[in-house]
Amino acid sequence: MSTIELEKPNTATAQVGAAMVALSDLPRRAPRVRSRQLFPSEPKGWLVATLAAGIVIALFATWQLLADADVVDTFFWSKPSMVWDSAVIAFSNGTMLGDTLFTFTSTIAGFVLGVVGGAVMGLSFWWSRLYARTSEPLLIAVEAMPKLALAPMIVLALGIGIESKIAMATALVIIIQVLNTHTAVRAVDRDLQTLLYSLGASRWQVFTKVVVPSTIPSVVASFRVSIGLALTGAIVGEYIGSQEGLGKMIQFAASSFDISLIWVGVFTLGILSFVLYLAVLLLEKVLLRAIRG
Amino acid sequence: MTITAPVPHSTQQSDLTVTNLTRIFTAPDGTETRALVDASFTAKPGEFLSIIGPSGCGKSTLFNAVAGLDQPTSGDISINGSPIVGQQGHVGYLLQKDLLLPWRSVLGNVTIGLEVSGVSKKRANEIALPMLQAYGLGEFVNHRPDQLSGGMRQRAALLRTILFNRDVILLDEPFGKLDAQTRATMQEWLLDLWDDFQKTVVFVTHDIDEAIYLSDRVIVMSPRPGRIIAELPVHLDRPRKPAVVTSARFIDLKTEILDLLATGQN
């Protein structure tokens, strides 16, 4: 039997044979010798912090030196020593702390309203596909529209008090939060919902025991983007018209050509947004532990 | 106000009767798929009944209908004579995946059936904790599902089904994804559990050995359109030893089922 097999011309075997010969003729790359590990190890925390601080100090030092050497025009760009003097005056004469608190308050209020409102609305889409499908194009249209363009109208309608700033912050946060929550709602595992239904659960029970806990991680993940948006909304509201706030203060400094004071406002805003970001990270941890614990 | 359970609680055992059950799925373009045709069987109180058949024989369709998750095209399903078509919560149903909620502890997962039925968390935990201890999950009470091995996850899912406290439970290939050794351990574990609780069990599997080893009776189904082609009693004494798989009776039954499945394919 085997002899018969051998005598039959087998094209497949002939082709494979040719390929094997071709493969054996190919040159092989010399083995690579590696002295370092394949994936770089994580750097030490103190080293990262020192380097980051070093870069900031170097930037300010360069700025100061260039300004002292008259390379940088302090009339337009000011310099760190002048900014520091302005900061000491601004914080000691009183309005600065009030302005920071005002911006902080409107940002937090707008963030909370936007996040809660957005999450509630996004979650509500679970209840009806018709409602969700109808709302979706409208939401995307609103999202695509630059909401900052609404600022003058909002300030006219709600006045120059804190309400218009909160409204601006909320407007920026809420839509993105709705869309993110809706995406998360649609991704909720259908089998987990089926399991609950098989246990005789009501729709409300499926909603509270499966849908809400499933979406919390992505709702919380969009907090980081939302806090920045809330701050932007609050500042723009203050630019349009306000009695208080860091935005108003920067506007005022610009109109009186006080460049150092503008820098004081900008750096305070930077520190404020950094603090808010850290606070949101903490909130994230607390919320995630609450559903997992 | 007292909370009434959605299903009258009964301590006696129950039978499950399926009569002429047919499910035809109609696609939007009008083509019909006959997933299950004229299936009839009865699971006697406290019986361990296995259903075996190739992929696409309508086993999952059958289970979804019995669990009330899907409306059959025609036919009746009843427990102790009362119809349950289209009603959820009459049977404990373990779907193919373990479906443990990843954010809940093992304890939180196994008590969810009681929780949905309106039992207080405290009471549910009082009932569940000794059971978790007794059935090998004692040290994992506060673990999350992702910290458990496949076998332990499946134990938790099975205990969740038992703790739902219904007389009839449906198990859809519960050990399908486990390795051979874990599967053997789990089979013994399931038999212990069944012995203790005297539930009426309907068990779907692809594994002929598993079906014979565990069951009082085996139902064989044909591929699409799914229909029942045989009902074979398993005359093997209990408790069964793992070596029973080499006995003549076991082999004869296995041969018969293999033949039925082979002819059913045509």
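From a predicted model like this one, the values you see are computed outputs, not experimental measurements.

Draft legend 1. Highlighting the overall build of chain B. Looking only at helices and strands, chain B features eight helices and 10 strands. The C-alpha radius of gyration of chain B comes to 19 Å, within 12% of the 18 Å expected for a compact globule of 266 residues. Here chain B holds 266 residues, and 53% of them are scored as buried. Considering only intrachain contacts with a sequence separation of at least 6, the fraction spanning at least 24 residues in chain B is 70%.

Draft legend 2. View of a positive patch on the surface. Residues R129, R133, R186 and R190 of chain A make up a contiguous surface patch of positive charge. Considering the arrangement of structural elements, one finds R190 of chain A in helix α10 (residues 190–198).

Draft legend 3. Structural view of the environment of V245 of chain B. All names here are of chain B. When you line up the elements, V245 lands in the loop between β10 (227–233) and α8 (248–265). When its relative accessible area of 30% is taken as the criterion, V245 is described as partly exposed. Beyond its immediate stretch of four places on either side in the chain, V245 contacts F250 and I251.

Draft legend 4. Representation of the sheet that holds strand β6 (residues 92–94) of chain B in the model. All names here are of chain B. Reading across from one edge, β6-β7-β8-β3-β9-β10 is the order of the six strands in this open sheet, with mixed pairing throughout. Both edges of this open sheet fall to β6 and β10, since each of them pairs with a single strand only. Strand-to-strand, the axes of this sheet are offset by a mean angle of 15°, without reference to chain direction. Here strand β3 (residues 48–52) pairs with strand β8 (residues 200–205) via five bridges, running parallel. Within β8, the position partnered with I51 by the bridge is V204. Packed on one face of the sheet, helix α6 (residues 180–197) meets β3, β7 (168–172) and β8 and runs near 140° to β3.

Draft legend 5. Spatial organisation of the confidence of the model for chain A. With 96% of its residues at a pLDDT of 70 or more, chain A shows a mean pLDDT of 91. Averaged pLDDT values for the elements of chain A fall to 48 in helix α1 (residues 2–7) of chain A and rise to 96 in helix α3 (residues 45–68) of chain A.

Draft legend 6. Here's a closer look at the pairing of β10 of chain B. Residues and elements named next belong to chain B. Summarising the sheet, strand β9 (residues 217–222) and β10 pair through six bridges and their orientation is antiparallel. When the sheet's bridge partners are listed, V220 is paired in β10 with A230. Linking β9 back to β10 in an antiparallel pair, the connection comprises four residues.

Draft legend 7. Fine view of the interface of chain B and chain A. On the side of chain A, 19 residues touch chain B, which itself brings 20 residues to the contact. Buried area between chain B and chain A, both sides added, is near 1700 Å², and the carbon and sulfur share of it is 66%. It is L99, W103 and V116 of chain B in chain B that bury the most area against chain A; as a group they hold 38% of the surface buried on that side. At the boundary of chain B with chain A, the tally comes to two salt bridges. With its nearest N and O atoms 2.7 Å apart, the salt bridge here joins K97 of chain B to D191 of chain A. Viewed at the interface, chain A and chain B are joined by four residue pairs in polar contact (both at pLDDT 80 or more). If you tally residues by element for the side of chain B that touches chain A, the top one is helix α3 (residues 112–116) of chain B, at four residues. Its residues assigned to classes, the side of chain B that touches chain A comprises 12 nonpolar, three polar and five charged.

Draft legend 8. Highlighting the pattern of salt bridges. Considering all chains together, one arrives at 17 salt bridges over all chains under this definition. Residues participating in the shared-partner salt-bridge network are K209 of chain A together with R104 and E115 of chain B.

Draft legend 9. Fine view of the sheet that holds strand β4 (residues 74–79) of chain B. All names here are of chain B. Strand order in this open sheet of four strands is β2-β1-β4-β5, and the pairing throughout is antiparallel. The open sheet has two edge strands, β2 (32–43) and β5 (82–83), and neither has a second partner. Two elements, β4 and β5, share two bridges in a ladder whose sense is antiparallel. In the sheet register, I79 faces β5, and the bridge partner there is S82.

Draft legend 10. How the structure looks around empty space enclosed by the protein. By the definition in use, this model includes one cavity of 30 Å³ or more. Size it by volume and the largest cavity reaches roughly 30 Å³. What lines the largest cavity is L195 and L199 of chain A together with G92, Y93, R160, T161 and F164 of chain B. If you list the elements that add at least two residues to the lining of the largest cavity, you get β6 and α5 (150–163) of chain B. In terms of residue class, the lining of the largest cavity is built from four nonpolar, two polar and one charged.

Draft legend 11. Examining helix α5 (residues 80–92) of chain A more closely. All names here are of chain A. Between its first and last C-alpha, α5 extends 18 Å over 13 residues, near the 18 Å set by a 1.5 Å rise per residue. Listed as buried for α5 are P80, V83, S86, A87 and A90. End-on, the buried residues of α5 take up no more than an arc of 120°, which puts them together on one face. In α5, the exposed positions angled more than 90 degrees off the buried face are occupied by W84, I89 and S92. Positive phi appears at G94, one or two residues downstream of α5, with a value of about 110°.

Draft legend 12. A look at the packing of helix α6 (residues 95–124) of chain A against helix α12 (residues 223–240) of chain A. All names here are of chain A. The geometry of α6 relative to α12 is characterised by a closest axis approach of 8 Å and an angle of 130° between their N-to-C directions. Considered as vectors, α6 and α12 are oriented oblique to each other. α12 is crossed by α6, and the crossing has right-handed handedness. Side by side, α6 and α12 meet where F102, T103, S106, T107, F111 and V115 of the first sit next to F223, S226, I227, A230, L231, A234, I235 and E238 of the second. Residue classes in the contact of α6 with α12 are distributed as nine nonpolar, four polar and one charged.

Definitions and limits used
Residues numbered from 1 in each chain as written. Chains lettered and ligands numbered in written order. Predicted model: local features only at pLDDT ≥ 70, side-chain atom pairs only at ≥ 80, totals over all residues. Heavy atoms only, no water. Helix = DSSP H or I, 4+ residues; strand = E, 2+ residues; numbered from the N terminus. Rg over C-alpha atoms; globule rule 2.2 N^0.38 Å. Buried < 20%, exposed > 50% of the residue type's maximum accessible area, 1.4 Å probe, protein only. Contact = heavy atoms within 4.5 Å. Patch = residues over 30% accessible without salt bridge, like charges linked within 9 Å, V, L, I, M, F, W, Y side chains within 5 Å. Areas by Shrake-Rupley, 256 points an atom, 1.4 Å probe, with all protein chains shown as cover. Salt bridge = Lys/Arg side-chain N within 4 Å of Asp/Glu carboxyl O. Lys, Arg positive; Asp, Glu negative; His and termini not counted. Charge placed at Lys NZ, Arg CZ, Asp CG, Glu CD. Pairing = 2+ DSSP bridges. Axes fitted to C-alpha atoms, helices over the stretch in contact; angles between N-to-C directions. pLDDT = per-residue confidence, 0-100. Buried area = accessible area lost by both parts, 1.4 Å probe. Polar contact = N/O pair within 3.5 Å; in protein donor to acceptor, adjacent residues only side chain to side chain. Nonpolar A, V, L, I, M, F, W, Y, C, P; charged D, E, K, R; others polar. 1 Å grid on protein atoms, 1.4 Å probe; cavity = no way out; pocket = protein on both sides within 12 Å on 5 of 7 lines; lining within 4 Å. Points joined across faces, edges and corners; volume = space filled by probe spheres on them. Expected span 1.5 Å × (residues − 1). Arc of directions from axis to C-beta. Parallel < 35°, antiparallel > 145°, perpendicular 65-115°, else oblique. Left-handed = near helix turned anticlockwise from the far one by under 90°.

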